[in-house]
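Each chain is listed here by its residues.
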Amino acid sequence: MHFVSVICITAGFLISASGDSFTTVETKAIYPSAADTTKRSGREIFITACSSCHRDSSAILAPGTSVLSAMTPRMILTSLQTGKMQVQGKTISDEEKQTVAEYLTGQKIKESSMPSTAYEKFSISNKPANPTEHSGWGNDLAATGFRSTAASRITKQNVGSLNLKWSFAFPDAAMMRTKPAIIDNWMLIGTQFGEVYALNRYTGKIGWIFNAGAAIRGAITVQRTGKKIIAYFTDFSTNTYALDVLTGKAIWSKRAGFETMSSTTGSVAVANGLVLVPITSVEVSAAVNGNYPCCFSSGGLVAIDASTGTVKWTHRVIEEKAKAAGTKKNGKPFYGPAGAPVWSSPTVDLKRGLVYIGTGENYSNPTTGSSDAIQAINLKTGKLVWNFQATDNDAYNTACPVFVNCPEKSGPDLDFGMSPMIVKTTAGKELLVVGQKSGIVFGISPENGKKIWSLRVGKGGMLGGIHWGMASDGKQVFAANADNMNAIDKRDSSVKPSPGLFAIDPLTGKLNWSYKAPACDQKFCFNGNSAAPVSTTGLVFAGSLDGMIRAHDANSGEVLWEFNTAITYEDVNGIKGKGGSIDGPAPVLADGYLYVNSGYGAFGQAGGNMLLAFEVRK
């Protein structure tokens with residue numbers, strides 16, 4: 001889903017593609033004079049191993065030197081150690097990883113410390129008077145992204161009074177993609193460096209910090225049973241955790257991945273005593289290396305016992321094992337089928353005993369019927385019940401378009417990156433509604449996977465169409481369309497990019513209204529809606545790639561409130577903070593508060609490190 005710009009490797013080394021906005025910088029910091037003769041210097045590593053691709057003039061989507069220089073050194077280092085570039089990072093020493101990270105950014109890696117005033121004692125009632133619990137990727141097992149007025153306490157009448165209550169800056173971060181979970185007066189949120197913070201949701205003060213093994217990219221799910229409060233989540237390396245919320249200590253952890261390159265960029269769902277973990281693979285970026293024997297991995301879904309951490313069943317999206325299938329330009333064999341990753345959180349249908357997942361593209365040929373598809377899986381057994389494929393023959397990896405591991409006739413990379421929504425319409429009918437990176441929204445029968453309707457709302461492409469999700473109040477479906485001009489599908493010139501927000505009748509698939517995202521008023525800016533929206537009665541909140549968060553009238557699309565998050569902040573924890581692009585998860589609504597992530601340093605978007613808390617005036 002979002003590996004598209006992590007694509008350059010030569011001599012067995014690659015730099016992370018996550019970056020800040022395309023700001024103009026002096027290139028002499030990146031290319032110092034020949035007098036720099038430091039032994040195995042950062043300059044030497046970069047020039048000999050990376051510079052052929054990581055240039056500002058690059059025609060592909062690898063980040064140029066301007067982008068790399070705007071990142072934090074910790075961000076580059078973490079990507080090489082435990083992030084999406086960990087496979088390539090194994091080819092160099094830990095010292096060299098740090099050397100090149102510091103060289104590219106012009107900054108030394110140092111530990112960030114927060115003042116004692118940033119902390120407070122963690123305390124939570126076993127019998128709260130008014131318990132507030134809200135967690136998971138899509139707000140409920142059906143992934144509808146909806147919050148009732150009683151839960152949100154934000155209405156058309158008071159939304160205009162929202163004001164910033166506090167802001168929290170995460171040290172060294174440039175990408176905010178983990179959705180906060182709410183448990184009474186606390187929230188739990190993960191970071192790109194693997195920490196889980198317990199923050200007082202009224203003050204932003206820290207109660208405790210837990211360190212996971214790798215970046216946390218999805219939402220945290222919290223379950224409360226009597227006096228026990230357990231948080232479930234997974235990290236990028238597929239390590240899955242059950243965490244005691246009262247102590248901040250792990251109860252158990254288990255690697256869910258079934259292959260060496262398995263990874264997780266989505267969120268877990270918890271139901272029927274199972275932790276359901278979506279599986280993708282870093283092979284999509286490893287394929288950039290022409291010497292890598294592409295490709296073998298498969299996406300999947302793994303069910304883990306919530307009490308013990310024992311794997312109960314494993315579903316591979318591609319059942320058959322890869323074998324030699326064709327020859328690359330360098331004379332070496334291609335292998336396949338491979339790919340069909342599961343980027344997003346699974347959706348649970350307790351009524352039918354099913355769990356639904358969306359899949360991505362194949363990494364190599366031959367392609368399969370399970371790529372770019374929605375699948376229904378038996379919740380008890382892990383067996384496939386039905387499969388709906390929207391786009392066939394979509395073989396793509398990040399070697400495309402120029403390196404030898406790019407499949408012949410490479411596809412447009414049109415994943416299903418969002419969680420399918422189970423929508424119960426006002427007529428009482430249930431259906432699955434899901435959006436694709438093609439820019440098309442589908443209504444599908446949950447019983448058999450047959451298409452009921454479809455509607456195009458965007459041009460689509462690698463960075464186009466529907467990315468992270470939609471929301472529904474039952475009356476309408478709200479689709480956020482990105483159509484990022486960095487990488488849209490250019491095959492059909494008759495379809496125009498249309499970034500913005502769209503309201504659809506879930507029963508008929510007809511468009512009710514659309515909101516065209518305003519043009520950016522700053523340089524190097526995108527105006528699409530890539531992040532998932534959230535809805536409450538009468539309102540829809542949607543964040544934009546230009547950093548704007550807006551509250552829309554659900555009946556008309558009219559903007560009733562907006563705030564530019566892409567600014568600098570004075571933060572409650574004493575860390576330097578700035579906002580940026582809003583991408584990834586939906587905002588969170590709880591008891592008159594709106595919580596928004598700001599900053600997404602990838603694909604030329606503006607990085608940032610902010611969690612913002614807005615409160616309606618009493």
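Parameters at a glance
Residues numbered from 1 in each chain as written. Predicted model: local features only at pLDDT ≥ 70, side-chain atom pairs only at ≥ 80, totals over all residues. Heavy atoms only, no water. Helix = DSSP H or I, 4+ residues; strand = E, 2+ residues; numbered from the N terminus. Buried < 20%, exposed > 50% of the residue type's maximum accessible area, 1.4 Å probe, protein only. Contact = heavy atoms within 4.5 Å. Areas by Shrake-Rupley, 256 points an atom, 1.4 Å probe, with all protein chains shown as cover. Pairing = 2+ DSSP bridges. Axes fitted to C-alpha atoms, helices over the stretch in contact; angles between N-to-C directions. Polar contact = N/O pair within 3.5 Å; in protein donor to acceptor, adjacent residues only side chain to side chain. Salt bridge = Lys/Arg side-chain N within 4 Å of Asp/Glu carboxyl O. Phe/Tyr/Trp six-rings, centres within 6.5 Å; stacked < 30°, edge-to-face > 60°.

A. Expanded view of the overall build of the protein chain. Helices and strands together make up the secondary structure of the protein chain, namely seven helices and 41 strands. A buried classification covers 65% of the 618 residues belonging to the protein chain. Counted over contacts in the protein chain with a minimum sequence separation of 6, partners at least 24 positions apart contribute 61%. For the protein chain, the accessible area works out to roughly 22,100 Å², and carbon and sulfur atoms hold 50% of it.

B. Structural view of the sheet that holds strand β35 (residues 548–553). Here five strands make up an open sheet; going across it, the order is β2-β33-β34-β35-β36 and the pairing mixed. Of all strands in the sheet, those with a lone pairing partner are β2 (146–147) and β36 (559–564), marking the two edges. Sheet topology places β35 next to β36; five bridges connect them, and they run antiparallel. Bridged to Met 548 within β36 is Asn 564.

C. Representation of the sheet that holds strand β21 (residues 354–358). Taken in spatial order, the four strands make up an open sheet running β20-β21-β23-β24, and their pairing is antiparallel. Only two strands of the sheet have a single partner each, and these edge strands are β20 (347–349) and β24 (384–389). In this sheet, neighbouring strand axes are inclined to one another by 20 degrees on average, regardless of whether the strands run parallel or antiparallel. Across five bridges, strand β23 (residues 373–378) lies against β24 in antiparallel orientation. Residue Ala 373 lies in a different strand from β24, and its bridge partner there is Gln 389.

D. Fine view of the side chain of Ser 419. Tracing the backbone through its elements, the reader meets Ser 419 in the loop between β24 and β25 (421–424). The exposure class of Ser 419 is buried, given its relative accessible area of 5%. In terms of polar contacts, Ser 419 uses its side chain to reach the backbone carbonyl oxygen of Ser 345, at 2.7 Å. Filtering out sequence-adjacent residues up to four positions away, Ser 419 remains in contact with Trp 137, Ala 143, Ser 344, Ser 345 and Thr 347.

E. Geometry of the pairing of strand β8 (residues 221–225). Direction of pairing for β8 relative to strand β9 (residues 228–234): antiparallel, over a ladder of five bridges. Each residue of the ladder has a partner; that of Thr 225, found in β9, is Lys 228. Counting the residues that bridge the hairpin from β8 to β9 gives two residues, and of these Gly 226 lies at a positive phi of roughly 65 degrees.

F. Here's a closer look at the pattern of salt bridges. According to the stated counting rule, one finds 13 salt bridges in the structure shown. In this structure, Arg 224 and Asp 184 form a salt bridge, with 2.8 Å as the shortest nitrogen-oxygen distance. Here Arg 224, found in strand β8, pairs with Asp 184, found in the loop between β4 (181–183) and β5 (186–190); they are 40 residues apart in sequence, far enough to count as distant. Grouping residues by exposure puts Arg 224 and Asp 184 together as buried. In this structure, the salt-bridge partner of Arg 201 is Asp 591, at a minimum N-O distance of 2.8 Å. Separated by 390 residues along the polypeptide, Arg 201 in the loop between β6 (195–200) and β7 (206–211) and Asp 591 in the loop between β39 (588–590) and β40 (593–598) bring together distant segments of the chain. Across the pair, exposure class does not vary: Arg 201 and Asp 591 are buried alike. Members of the salt-bridge network, linked through shared partners, are Asp 349, Lys 351, Arg 352, Glu 430 and Glu 447.

G. Structural detail: the environment of Val 275. Within the secondary structure, Val 275 sits in strand β14 (residues 274–281). Since its relative accessible area comes to 0%, Val 275 is described here as buried. Sequence separation of Val 275 and Ser 307 is 32 residues, and the distance between their C-alpha atoms is 9.3 Å. Here Val 275 is in contact with Tyr 232, Thr 240, Trp 252, Val 268, Ala 269, Val 270, Val 302, Ala 303, Ile 304 and Ala 306, once residues within four sequence places are set aside.

H. Broad picture of unusual backbone geometry. Omega for the bond connecting Cys 294 with Cys 295 falls within 30 degrees of zero, at -5 degrees, which places this linkage in the cis form. Structurally, Cys 295 can be placed in the loop between α7 (283–286) and β15 (300–305). At the junction of Gly 336 and Pro 337, the peptide bond is cis and its omega measures out at 5 degrees in the coordinates. Along the polypeptide, Pro 337 turns up in the loop between β18 (333–336) and β19 (338–339). Despite not being glycine, Phe 603 has its phi angle at roughly 60 degrees, a positive value. Its location among the elements puts Phe 603 in the loop between β40 and β41 (610–615).

I. Structural detail: the environment of Ala 324. Relative to the helices and strands, Ala 324 is located in strand β17 (residues 323–327). The exposure class of Ala 324 is exposed, given its relative accessible area of 52%. Sequence separation between Ala 324 and Pro 337 is 13 residues; the distance between their C-alpha atoms is 9.2 Å. Among residues more than four places away in sequence, those in contact with Ala 324 are Pro 333, Phe 334 and Tyr 335.

J. Main features of the packing of aromatic side chains. Under the defined criterion, the tally for this structure stands at 20 aromatic pairs. Between the aromatic rings of Phe 122 and Trp 186, the centroid separation amounts to 4.6 Å while the plane-to-plane angle is 40 degrees, which identifies the pairing as tilted. Remark: Trp 186 occurs in strand β5 and Phe 122 occurs in the loop between α5 (94–105) and β1 (133–134); sequence separation between them is 64 residues. Here the two residues Phe 122 and Trp 186 agree in accessibility, since each one is buried. Ring centres of Phe 168 and Tyr 197 lie 5.6 Å apart, and the angle between their planes is 70 degrees; this geometry places the pair in the edge-to-face category. Taken together, the residues Phe 168 in strand β3 (residues 163–169) and Tyr 197 in strand β6 connect sequence positions 29 residues apart. Comparing Phe 168 with Tyr 197 shows no difference in burial state: the two are buried.

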